[in-house]
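Architecture and fold: a report
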Amino acid sequence: LHVSINIIMHKLFLLMSHKYYFQFHAFVNLILCSVLCFRDKNSTLAMFLRQIFRLTTRSTTFSVRQFAQEAADISLTFACPAQVFYNQSNVQQVSVPTIDGEVGIYPNHVPLIGVLKPGVMRVYQQDMIRKFFVSSGTVSINEDSSVQVLAEEACDVSDLDLQACESGLEKMKSQSHSGATDEKAAAENAIAIEVYEALVQACHEA
C-alpha cells in the first residue's frame, strides 16, 4: 500500500509547477484536516495526503531558502596596477573578453575563472554602460555573485587615441612582413599585432 501511495504522490508532485508550492501546501493542509476529522487516521487517503504534506513542506522550505540566497546585483572589483576602477561596487552586468570568447556575467552566475584577452570590457550599472580596454589578466566569478577582474593594462576606451593605435598596428605589421627569423621576436610581434587590432576596434566602440 505504501508503495502505491508513494508512486501516486511523486507523479502528482512532478506535475506541479514550482510557483504553486504555497497554494498547493495550503490546499493539502485544508483537505488533510478534513480527512483526519471525518475518517480513520489509517485510511489510504489520509496516509496519501500526509505524505504529500511532508513532501511539499520540505520543498517549500527549500524554495524559500534558495530564493533568499539569490543576489540582485554583482559586487565588482576591477583594477590594474595603475588604477582601481571598481572596488566591490554593485553593478547589474559585466561582459569580459576571454580566450574562450566573450563572457556575459549576471548575478548568480556559475563560478568561473577565466583568462582575459585584449578587448573591450563592458560594465552595466543602472542606466549607464562603461567600456574599458583590457590587455590581459584574469576574471574570477564567485558563488556569492562577487566578481574580480585583474588586468595587466586597462583604461577607459574614451582615453584611447585612434591615430596612435592605427600607427602602431601598421608598424607591427610592417615588421611582420620583414620576415624575422627569430622565433621569440616573431611571437612578440604577433602578440603586438593582436593587441593593436583590439585597440583599434575598441577605439571605434568608444
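Residues numbered from 1 in each chain as written. Predicted model: local features only at pLDDT ≥ 70, side-chain atom pairs only at ≥ 80, totals over all residues. Heavy atoms only, no water.

Under the convention used in this document: UniProt positions are given in the numbering used here, feature names are shortened, and annotations may be inferred rather than shown by experiment.
An unreviewed UniProt entry lists the protein under the name F-ATPase delta subunit, from Trichinella zimbabwensis. As its UniProt record puts it under Subcellular location (unreviewed entry), the protein is described as follows: "Mitochondrion inner membrane". In its Sequence similarities (unreviewed entry) section, the UniProt entry covering the protein states "Belongs to the ATPase epsilon chain family."

**Quick notes on the overall build of the protein**
Defined as follows: Each helix is a run of DSSP H or I of at least 4 residues and each strand a run of E of at least 2, with the numbering of both proceeding from the N terminus. Remark: exposure states derive from per-residue accessible area (1.4 Å probe, protein chains only) relative to the maximum for the residue type, with buried under 20%, exposed over 50%, and partly exposed in between. Throughout, a residue-residue contact means that at least one pair of heavy atoms, one from each residue, lies within 4.5 Å.
Of the regular secondary structure elements, the protein holds five helices and ten strands. Expressed as a percentage of its 206 residues, the buried residues of the protein come to 38%. Pairs at least 24 residues apart make up 56% of the contacts formed inside the protein by residues separated by at least 6 positions.

**A few points about the pairing of strand β7 (residues 128-134)**
Operational definition: For two strands to count as paired, DSSP must find a minimum of two bridges between them.
Where strand β6 (residues 119-125) and β7 come together, seven bridges link them in antiparallel fashion. By the bridge assignment, R122 is partnered in β7 with K131. Connecting β6 to the next strand, β7, in antiparallel fashion are two residues, including Q126 with a positive phi near 55°. Note: β7 against strand β10 (residues 154-156), three bridges, orientation antiparallel. In the strand pairing of β10, F132 is matched with D156.

**Here's the deal with the state of the cysteines**
For clarity, the cut-off: A pair of sulfur atoms, both from cysteines and within 2.5 Å, is called a disulfide here.
Here the structure, examined in full by the defined rule, presents zero disulfides. In this structure C80 is not part of a disulfide, and its nearest cysteine sulfur, from C155, lies 8.6 Å away. Between C155, a cysteine without a disulfide, and C165, which holds the nearest cysteine sulfur, the sulfur-to-sulfur distance is 8.3 Å. Of the residues examined, C155 reaches a relative accessible area of 21% and is grouped as partly exposed.

**Side note on the nonpolar core**
How we decide: Only buried residues count toward a nonpolar core, which is a set of Ala, Val, Leu, Ile, Met, Phe, Trp, Tyr and Cys residues joined through side-chain atoms within 4.5 Å.
Judged by nonpolar contacts, the single largest core of 22 residues is most densely connected at L76, F78, V96, I105, M121 and V149. Elements that contribute at least two residues to this core include exactly β1 (74-80), β2 (83-91), β3 (93-98), β4 (101-105), β6, β7, β8 (137-141) and β9 (146-151). Looking at this core element by element, the count peaks at four residues for β1. By size, the runner-up hydrophobic cluster in this structure holds 14 residues, among which are V157, L169, A198 and L199.

**Focus: the packing of aromatic side chains**
Cut-off, in case you're wondering: Each Phe, Tyr or Trp ring (for Trp, its six-membered ring) is paired with any other whose centre lies within 6.5 Å, and the angle between the two planes then decides the class: stacked below 30 degrees, edge-to-face above 60, tilted in between.
Within this structure, the stated rule accounts for four aromatic pairs. Summarising the aromatic geometry, the rings of Y86 and F132 are spaced 6.1 Å apart at their centres and angled 80° between planes, so their arrangement reads as edge-to-face. Placement of Y86 in strand β2 and of F132 in strand β7 is noted, with a sequence separation of 46 residues between them. F132 shares its class with Y86; the two are buried. Here the aromatic residues F78, F85, Y86 and F132 are joined through ring pairs into a cluster of three or more.

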